[in-house]
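Coordinate analysis (summary)
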Amino acid sequence: MKIGIDARFLTHPQAGGFKTYTVNLLRALGEVDRVNEYRIYVDRSPVSLGLTKRDNFHYVTVDGSLPAFGMPFREQVKLRWRLWRDRLDLSHFLCNTAPAGWNRPFILTLHDTIHLEKATVPLRVDALTKLKPLAISSYSKWTILRSAKSARRIITVSDFEKTRITRRLKVPAERVCVTHLAPDPVFAPASVEQKRKWARELTKKYCLPTNFILSVGYETRKNIPLVIDAFSNLAAEHGDLGLVVVAAEEKKRHLFEALLREKMLLDRAVVLGSICPEELAALYSLAKVLVFPSARESFGLPPIESMACGTPVVASNGSSLPEILGNAAILVSGFAVDSWAAAIRRILHDQSFCSDLIDRGLKRARKMTWRQCALKTLNVYQSVAHGW
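The present account deals with the structure reproduced in this document. Note that the structure is predicted; figures quoted are calculated from it, not measured. Every chain's residues receive numbers from 1 upward, in the order its sequence appears when written. Per-residue local features are limited, in this predicted model, to residues with pLDDT of at least 70; the limit for side-chain atom pairs, both in listing and counting, is 80 or more; totals at the level of whole chains, interfaces and linings are taken over all residues. Side-chain metrics in this entry use all non-hydrogen atoms of the structure; hydrogen atoms and water are not considered.

Side note on the overall build of the protein chain
A run of H or I in DSSP counts as a helix once it spans at least four residues, and a run of E counts as a strand once it spans at least two, with each numbered from the N terminus. Check the secondary structure of the protein chain and you find 14 helices and 13 strands. Atoms counted for the radius of gyration: C-alpha only. Globule rule: 2.2 Å times the number of residues to the power 0.38. Taken over C-alpha atoms, the radius of gyration comes to 22 Å for the protein chain, in line with the 21 Å a tight globule of 388 residues would show. Here the C-alpha coordinates of the protein chain stretch approximately 65 × 50 × 40 Å along the principal axes. With a 1.4 Å probe rolled over the protein chains alone, any residue whose accessible area is under 20% of its type maximum counts as buried; one over 50% counts as exposed, and the rest are partly exposed. A buried classification covers 51% of the 388 residues belonging to the protein chain. Residues count as neighbours in contact if any of their non-hydrogen atoms are within 4.5 Å of one another. Taking contacts inside the protein chain between residues at least 6 apart in sequence as the whole, the part at least 24 apart equals 66%. In the structure as shown, the protein chain presents an accessible area of about 18,100 Å², 54% of it carried by carbon and sulfur atoms. Here the Shrake-Rupley method, with its probe set to 1.4 Å, supplies the accessible areas, and only the displayed protein chains count as covering residues.

What follows is the structure, encoded as structure tokens:
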């Protein structure tokens, strides 16, 4: 087959779930499939990015450089023209959206229905500063609805999300396929020496606390203020305990720092911006526990990445997280601060329980591989091509 993959996040500088999925799926497809021909459509030059090099992989740049509306113009006009010109047998759009009304066989990876669940916000004069986010959200919602209806198959990342998609979009369950994500290979257990090296380097670079709990995220649904409140509950009894938060969005970082300042805990906390996967792996490995009180996840990469590094996890007992984490994490129901503080406290105090949780986490993380994800994806390609 001649397969086209819209992989714009492959060359996108911003880290995140879409990029993780794109990079690792393509790497794994390159390992398991030497037969089909792939045209990988990126949004900027792939030169010097260390991309997968195979005889059957061909990278094509379809840029989205138009000011303000670059991505929609790229997707709906330039990419559509290029796909038509390349006469593909099958196309795969990796990140929720596709050219609306595309009438040739294609597969859509729909990671979640969060954009469809957001209420429409009326445009007011005082909302002009939010015009771009509103426009992006509206575009995503419009495109997802149209793309999902015409896709031959929809791939999603959990059974939880499959249920949401079939109910929300009225899509037959047999058209929706689940391919679980996996930790990037960079997330793996580290030796004692490696941890000491990381501790020296990152303490110098970021002024990290010696002992700390870790949380990752900035969106409202990630509930980082709850982590700060739980840390506040623990701070008096654990005088050497710190908090590290990784938050890619600058305004939210300022908000989290303000909350810590109010509680007079800013000197015991570090709020970081976007960091590379290697440094994130180091933080997971050095942390006493990852705290992940997200209210809504289609998969939840940070907890499984943390488990792969050998770090225990406390996470929400909701959305996809029980499916993905199983019995390898402490799952907390609800968002009462005392419940979250108690779960963290148990890991800090009960060494036997903590060691058992780490072992279960490592086993859980090993069950999820990008090779497995790629093989299931390849099976979806074949089912569409052969009309199964």
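Quick word on the nonpolar core
Buried residues of nine kinds, namely Ala, Val, Leu, Ile, Met, Phe, Trp, Tyr and Cys, make up a nonpolar core once their side-chain atoms join them within 4.5 Å. By size, the foremost hydrophobic cluster in this structure holds 68 residues, and its most contacted members are Ile5, Leu214 and Leu283. Here the element with the most residues in this core is helix H14 (residues 370-385); it accounts for seven residues. Those residues in contact with Ile5, other than ones at most four positions away along the chain, are Leu26, Leu29, Tyr38, Arg39, Ile40, Tyr41, His92, Leu94 and Tyr381. The next biggest cluster of nonpolar side chains, apart from the first, holds 31 residues, and it includes Ile213, Ala247, Ile344 and Ile347.

Points about the pairing of strand E4 (residues 90-93)
By the alternation rule, side chains of E4 split into Leu90 and His92 and Ser91 and Phe93, which are all buried. If DSSP finds at least two bridges between two strands, the strands pair. Inspection of the sheet shows strand E1 (residues 2-6) paired to E4 by four bridges, in the parallel sense. Of the residues in E4, the one forming a bridge with Ile5 is His92. In this sheet, strand E5 (residues 106-109) lies alongside E4 in parallel orientation, the contact comprising three bridges.

A short note on unusual backbone geometry
Its identity as a non-glycine residue notwithstanding, Asn96 has a phi of 80 degrees, on the positive side. Its place among the elements puts Asn96 in the loop between E4 and E5. Of note, the phi angle at Asn223 is positive, near 60 degrees, even though the residue is not glycine. With respect to the helices and strands, Asn223 occurs in the loop between strand E8 (211-216) and helix H7 (224-235).

So, H7
Every α-helical turn comprises 3.6 residues, leaving residues that sit three or four positions apart pointing alike. In this model H7 runs 16 Å from its N-terminal to its C-terminal C-alpha over twelve residues, within 8% of the 16 Å that 1.5 Å per residue would give. For H7, the elements touching its buried residues are E8, strand E9 (241-246), helix H8 (250-262), strand E11 (289-292) and helix H12 (337-349). In this scheme, a helix's expected span is set at 1.5 Å multiplied by one less than its residue total.

Focus: the side chain of Ser285
Structurally, the position occupied by Ser285 is in helix H9 (residues 277-286). Reaching out from Ser285, the side chain makes a polar contact with the backbone oxygen of Ala281 at a distance of 2.9 Å. Not counting the four nearest positions on each side in its chain, Ser285 is found in contact with Ala188, Ala190, Lys195, Trp198, Cys309 and Thr311. Definition of a polar contact: a pair of N or O atoms within 3.5 Å, with one able to donate and the other able to accept a hydrogen when the atoms are protein atoms, and with sequence-neighbouring residues admitted only if both atoms are side-chain atoms.

Describing the packing of helix H10 (residues 301-308) against helix H13 (residues 351-366)
Think of two packed helices as two axes; the pair is described by the angle between the axes and how far apart they sit. The contact between H10 and H13 brings their axes to 7 Å, and the two run at 115 degrees. With respect to their mutual orientation, H10 and H13 come out roughly perpendicular. The hand of the H10/H13 crossing is left-handed. Between H10 and H13, the contacting residues are Ile304, Met307 and Ala308 on the first element and Gly361, Leu362, Arg364 and Ala365 on the second. Residue classes follow a fixed rule: Ala, Val, Leu, Ile, Met, Phe, Trp, Tyr, Cys and Pro count as nonpolar, while Asp, Glu, Lys and Arg count as charged, and any other residue, Gly among them, counts as polar. In terms of residue class, the contact of H10 with H13 is built from five nonpolar, one polar and one charged. Lines fitted to the C-alpha atoms define the axes, with helices restricted to the stretch that makes contact. Angles between their N-to-C directions range from 0 to 180 degrees. By the definition adopted for this analysis, an angle is roughly parallel if under 35 degrees, roughly antiparallel if over 145, roughly perpendicular if from 65 to 115, and oblique otherwise. In this scheme the handedness of a crossing depends on how the near helix is turned from the far one: anticlockwise by less than a right angle means left-handed, clockwise means right-handed.

Quick notes on the sheet that holds strand E6 (residues 153-156)
The parallel open sheet is built from seven strands, whose spatial order is E3-E2-E1-E4-E5-E6-E7. The sheet is open, and its two edges are formed by strand E3 (57-61) and strand E7 (176-178), each paired on a single side. Adjacent strand axes in the sheet meet at a mean angle of 20 degrees, parallel and antiparallel pairs treated alike. When strand E2 (residues 37-42) meets E3, the two strands line up parallel, connected through five bridges. In the sheet register, Tyr41 faces E3, and the bridge partner there is Val60. Of the strands in this sheet, E1, E2, E3 and E4 are in contact with helix H2 (residues 70-86), which crosses E2 at around 160 degrees. In this fold H14 packs onto E1, E2, E4, E5, E6 and E7, with an angle of close to 175 degrees to the strand it touches most, E6.

Considerations on the packing of aromatic side chains
Here the aromatic set is Phe, Tyr and Trp, taking the six-membered ring for Trp, and pairing holds for ring centres within 6.5 Å; pairs whose planes are under 30 degrees apart are stacked, those over 60 apart are edge-to-face, and all others are tilted. All told, the structure shown has six aromatic pairs when counted by the stated rule. Measuring from centroid to centroid gives 5.1 Å for Phe9 and Phe18, while their planes differ by 75 degrees, and the two rings are edge-to-face. Residue class for Phe9 comes out buried when judged on its relative accessible area of 17%. You can call Phe18 partly exposed: its relative accessible area is 25%. Ring geometry for Phe187 against Tyr284: centres 5.5 Å apart, planes inclined by 65 degrees, an arrangement best described as edge-to-face. Of this pair, Phe187 sits in the loop between E7 and helix H6 (192-206) while Tyr284 sits in helix H9, and the two are 97 residues apart along the sequence. Look at NZ for Lys and CZ for Arg. If either is within 6 Å of the ring centre and within 35 degrees of the ring normal, a charge sits over the ring. One Lys or Arg, Arg87, reaches over the ring of Trp84 and ends 4.6 Å from the middle of that ring. Above the face of the Phe353 ring, Arg346 is positioned so that its terminal group lies 3.7 Å from the ring centre.

Remember that the coordinates give geometry; whether it matters functionally is a separate question.
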